[in-house]
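# Observations on chain architecture
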Amino acid sequence: MTTTTFRSRTLLTVACALAGVITAQAQTPQQPKPAQPSSQSSAQTSSQNSWGAAPQMSPEQQENFPPQLRGELEAIKTAALADDYAYQQLAHLTENIGPRPSGSAQANAAVDYVAGELRKLGLEVQLEEVKVPHWVRGVETAELVEYAGQVPGTAQKVVLTALGGSTSTAPEGIVADVVVVNNFDELKALGREKVAGKIVLFNELFDKQKAAAGLSFMAYGEAVRYRGAGSKAAADLGAVAALIRSVASADFRLPHTGWSQAAGIPAGAVTAEDADLMAHLAAQGKLRMRLTLTPQKLPDTTSYNVIADLKGSEHPEQIIVVSGHLDSWDLGTGAIDDGAGVVVAMEAAEIAQKLHLRPRRTLRVVAWIDEETGGSGSKTYTKDHASEFVNHVAAIECDTGAAHPIGFDVKISPHAIELLRPVAEVLGSIGATALQSSSYPPGADITAMSEAGVPTLGILQDGRLYFNYHHSAADTLDKVLPSELRENAAAMAVMGYALASMKDPLPR
Ligand SMILES: [Zn+2]
C-alpha cells in the first residue's frame, strides 16, 4: 500500500473518530432491531435504530438475498474456513518465488505462476501488458564520522535502507554535515543557507499509542508524508541527501523502505534507534556522516496485471473485481504487503469452483502489478477498461495485511450499505460484520474505478501490528497466521460471490 492510499485511509479514520460512530455497522443476529418499512433504506437510519431491535430483512434485501443464496454464502464461508489454498499459494509466492519488486524477474515469475494457477481453476486468464519502473537496490551503508565526544579513530554505524526513487551517491559515498529537523516547518525555518550541502534527517515520530489503540493507519498517514515528500523539500533547499526516520510501529533497529518522490538526490530511511542517536548527537554539536547509497534506475520494463474471469451465468458482461497487488518491496518477501491480498482473491474463485457455484455476474480476480512504485498496473487497467466501468458493478481490494478481518471499508452509497447487511451477517461468526463507510477509495489500485463511480470495498483488518513489519525485511510468511488468512479468504469469497450473485447490481 502506498502513501496516497494511507493518506486517504487516515482521513477516513479521522472522520470516523470525530463523528464518534461507524456510519453503518451491520447488525449481528444478537443485536435485535425492529422491522423497518422498506423505504427506510438509509444506513444512517439503520444505525440509529440498531440498538436492541431484531434484524429483519427488508423486501429489497429478501429479493436480493433469497434463502438459497444465503445458504450458498454460508457454504462458501464454511469452506473457506477449512481451506488452505490461500496459505499454500502465499507460501509459494513468498518462499519459492520471493521478493517481487516491479521490473524484477521474480515479479514476472509471480505473474506467470498466478496466471497458471488461475487457469488450473478453469478461469479465463489474460495478461494485461504494463510498462513498469525498474529500480534496483545497491550498497547501503552509513556511519557517523564526526560528533561530540567521539573517541579518536572510531565511527558509529548507522543502519539504513534506500527509499524507492533514490538516486545514487558516488560509489565511495559522500561525507557531509547532518541537520536534523522534526518537520517541514523546521526545515523551512532553517532556509537554504543552513541546508545547502548537508544531509537532512526528518525525525518524525510514529505515534505508537495511536497504533496500539487501533489507529495505526492514522499514525502511518501522519508520518509517511516525510517519506513521500521529504527528499524533494530537502533537495529544493540544496541538500545533498535526505533521510527519514523509518515509518514503523516497532523498533528492532530495522529500516523500512517505501516510495519517495523523485528528487534527484539520494534518499534513505534510518532505523528509529539511529534517528534518535543522530538527533541526540546533533543537539550536542557538529555531526558528520559518510553515506553510501548506490541504487540504480534501470530502463522501464514489461510486466503484467493478471486478470482471470469466472464468467457469470446470466450477466457475463457485469464484473465484480476481487484483487490484491502482486508486486512487493524487495527487503522482505511481501507476505503481508501484499501477497496475502492476491491469494485471498484467488481463493474467492477457488471456493466457487470447488463448490460448483456459478455466479450470476463475472467474478474477476485481478493481481495488480506495480502498486508500490507508481501504480502503473492500475493506470493501465483504467486506460484499457474505462469504457467498461459502467458494467463494473463493484471492486474489492485487500491491501492492508492478513490479520483478523473486522469487516469492510466501503465507498458505496448508504442505500448499498444497508442492502449488504445480510452479507455482513453471514460473516458474523468470524466477527467481520462492519461495513465502515469511507469517503475515500479503500484501495490504491481501485481508486480510479471508485472515482468513475464504481462501488469499492477493502477488507478492514486489525492493523495494530501491520506497521511493525510493513516494507521491512520482516515482511515474511511467518507474520501471517493461517487461521487469520482463512478468515480473510472467507470475507473476500463471501462478499465477492454475494456481489456477483445478488439479484440486482449493487446500486451506485
Ligand atoms: Zn500494498
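Residues numbered from 1 in each chain as written. Predicted model: local features only at pLDDT ≥ 70, side-chain atom pairs only at ≥ 80, totals over all residues. Heavy atoms only, no water.

### As for the overall build of the protein
From N to C terminus, the protein includes 17 helices and 16 strands. Classification of the 508 residues of the protein by burial places 58% in the buried group. Long-range contacts, defined as pairs at least 24 residues apart, comprise 82% of the intrachain contacts of the protein with a sequence gap of at least 6. In the form shown here, the protein has an accessible surface area of approximately 18,600 Å², with 53% of it arising from carbon and sulfur atoms. (Helix = DSSP H or I, 4+ residues; strand = E, 2+ residues; numbered from the N terminus. Buried < 20%, exposed > 50% of the residue type's maximum accessible area, 1.4 Å probe, protein only. Contact = heavy atoms within 4.5 Å. Areas by Shrake-Rupley, 256 points an atom, 1.4 Å probe, with all protein chains shown as cover.)

### Brief notes about the sheet that holds strand β5 (residues 174-181)
Strand order in the open sheet formed by eight strands is β3-β2-β9-β5-β6-β7-β8-β4, and the pairing between neighbours is mixed. With one partner strand each, in any of the chains shown, β3 (156-158) and β4 (160-162) form the two edges of the open sheet. Here the average twist between neighbouring strands, direction ignored, is 35°. Two strands pair when backbone bridges link them, and β5 and strand β9 (residues 288-293) are joined in this way by four bridges, in the antiparallel orientation. In the sheet register, A176 faces β9, and the bridge partner there is M289. Packing of helix α9 (residues 216-236) onto the sheet brings it into contact with β6 (199-202), β7 (241-245) and β8 (267-270), and relative to β7 it is tilted by some 150°. Along the sheet face, helix α10 (residues 272-282) touches β2 (140-146), β3, β5, β6, β7, β8 and β9 and points at about 130° away from the line of β3. (Pairing = 2+ DSSP bridges. Axes fitted to C-alpha atoms, helices over the stretch in contact; angles between N-to-C directions.)

### A word on the side chain of S303
Within the fold, S303 resides in strand β10 (residues 296-310). S303 sits in the buried class, given a relative accessible area of 0%. Those residues in contact with S303 that lie beyond four places of it in its chain are N108, V111, E128, E129, V130, V132 and I369.

### Section: the sheet that holds strand β15 (residues 434-437)
Taking strand neighbours across the sheet as the criterion, the eight strands line up as β1-β10-β12-β11-β13-β16-β14-β15 in an open arrangement whose pairing is mixed. In the strand order of this sheet, the two ends are held by β1 (124-136) and β15, each with one partner. The mean inter-strand angle of the sheet, taken between neighbouring strand axes irrespective of direction, is 25°. Along the sheet face, helix α11 (residues 335-354) touches β10, β11 (315-325) and β12 (361-368) and points at about 145° away from the line of β11.

### A word on the pattern of salt bridges
Tallying each qualifying case throughout the model produces 27 salt bridges. Close ionic contact of E143 with R290 constitutes a salt bridge, the shortest N to O distance being 3.9 Å. Of this pair, E143 sits in strand β2 while R290 sits in strand β9; the two residues are 147 residues apart in sequence, bridging distant segments of the chain. We classify E143 as partly exposed; its relative accessible area is 31%. Residue R421 pairs with E418 through a salt bridge whose shortest N-O separation is 3.4 Å. Comparing R421 with E418 shows no difference in burial state: the two are buried. (Salt bridge = Lys/Arg side-chain N within 4 Å of Asp/Glu carboxyl O.)

### A short note on α11
Given a rise of 1.5 Å per residue, 20 residues ought to cover 28 Å, yet the end C-alpha atoms of α11 are separated by just 25 Å, more than 12% below that figure. Counting buried positions along α11 gives 18 out of 20 residues, so the element sits mostly inside the fold. Two residues or fewer past α11, H356 is found with a positive phi of approximately 55°. (Expected span 1.5 Å × (residues − 1).)

### With respect to the packing of aromatic side chains
For the structure on display, the rule yields 11 aromatic pairs. Between Y381 and F389, the aromatic rings sit 6.3 Å apart at their centres with planes inclined by 25°, giving stacked as the arrangement. Taking relative accessible area as the criterion, F389 reaches 5% and is therefore assigned buried. Ring centres of Y466 and F467 lie 5.0 Å apart, and the angle between their planes is 75°; on these two criteria the pair is classed as edge-to-face. Neither residue differs from the other here; Y466 and F467 are each classed as buried. An aromatic cluster is defined as three or more aromatic residues linked by ring pairs; in this entry it consists of F206, F217, Y220, Y466 and F467. One Lys or Arg, K479, reaches over the ring of Y469 and ends 5.1 Å from the middle of that ring. (Phe/Tyr/Trp six-rings, centres within 6.5 Å; stacked < 30°, edge-to-face > 60°. Lys NZ or Arg CZ within 6 Å of the ring centre and 35° of its normal.)

### Describing the pairing of β2
Summarising the sheet, β2 and β9 pair through six bridges and their orientation is antiparallel. By the bridge assignment for β9, T141 is matched with T292.

### Here's the deal with the environment of P316
Mapped onto the elements, P316 comes out in strand β11. Judged by relative accessible area, P316 falls into the partly exposed class, the value being 35%. In this structure, the C-alpha to C-alpha distance between P316 and N391, residues 75 residues apart in sequence, is 9.8 Å. Beyond its immediate sequence surroundings of up to four residues, P316 is in contact with K311 and T362.

### Re the environment of G407
As for its placement among the helices and strands, G407 is situated in strand β14 (residues 405-411). With relative accessibility at 0%, the residue G407 sits in the buried group. Sequence-distant contacts of G407, defined by excluding residues within four places in its chain, comprise A432, T433, A434, G458, I459 and L460.

### Quick notes on unusual backbone geometry
Of note, the bond from D337 into D338 is cis; its omega dihedral lies within 30 degrees of zero at 0°. Mapped onto the fold, D338 is located in helix α11. In this structure, R253 is a non-glycine residue whose phi angle is positive, near 50°. The class for R253 is partly exposed, based on a relative accessible area of 39%.

### Focus on the side chain of H256
Inspection of the secondary structure puts H256 in the loop between β7 and β8. A polar atom in the side chain of H256 sits 2.7 Å from the backbone oxygen of H470. Every residue in contact with H256, bar those within four places of it in the chain, is listed here: T161, L163, S246, V247, A248, A269, F467, N468, Y469, H470, H471 and S472. (Polar contact = N/O pair within 3.5 Å; in protein donor to acceptor, adjacent residues only side chain to side chain.)

### Notes on the nonpolar core
With 114 residues, the main nonpolar core has V114, L118, F408, L420, L485 and L499 as its most contacted residues. The residues touching L485, leaving out its near neighbours within four places in the chain, are A86, Y87, L90, A340, V343, V344, A402 and V480. (Core = buried A, V, L, I, M, F, W, Y, C linked by side-chain atoms within 4.5 Å.)

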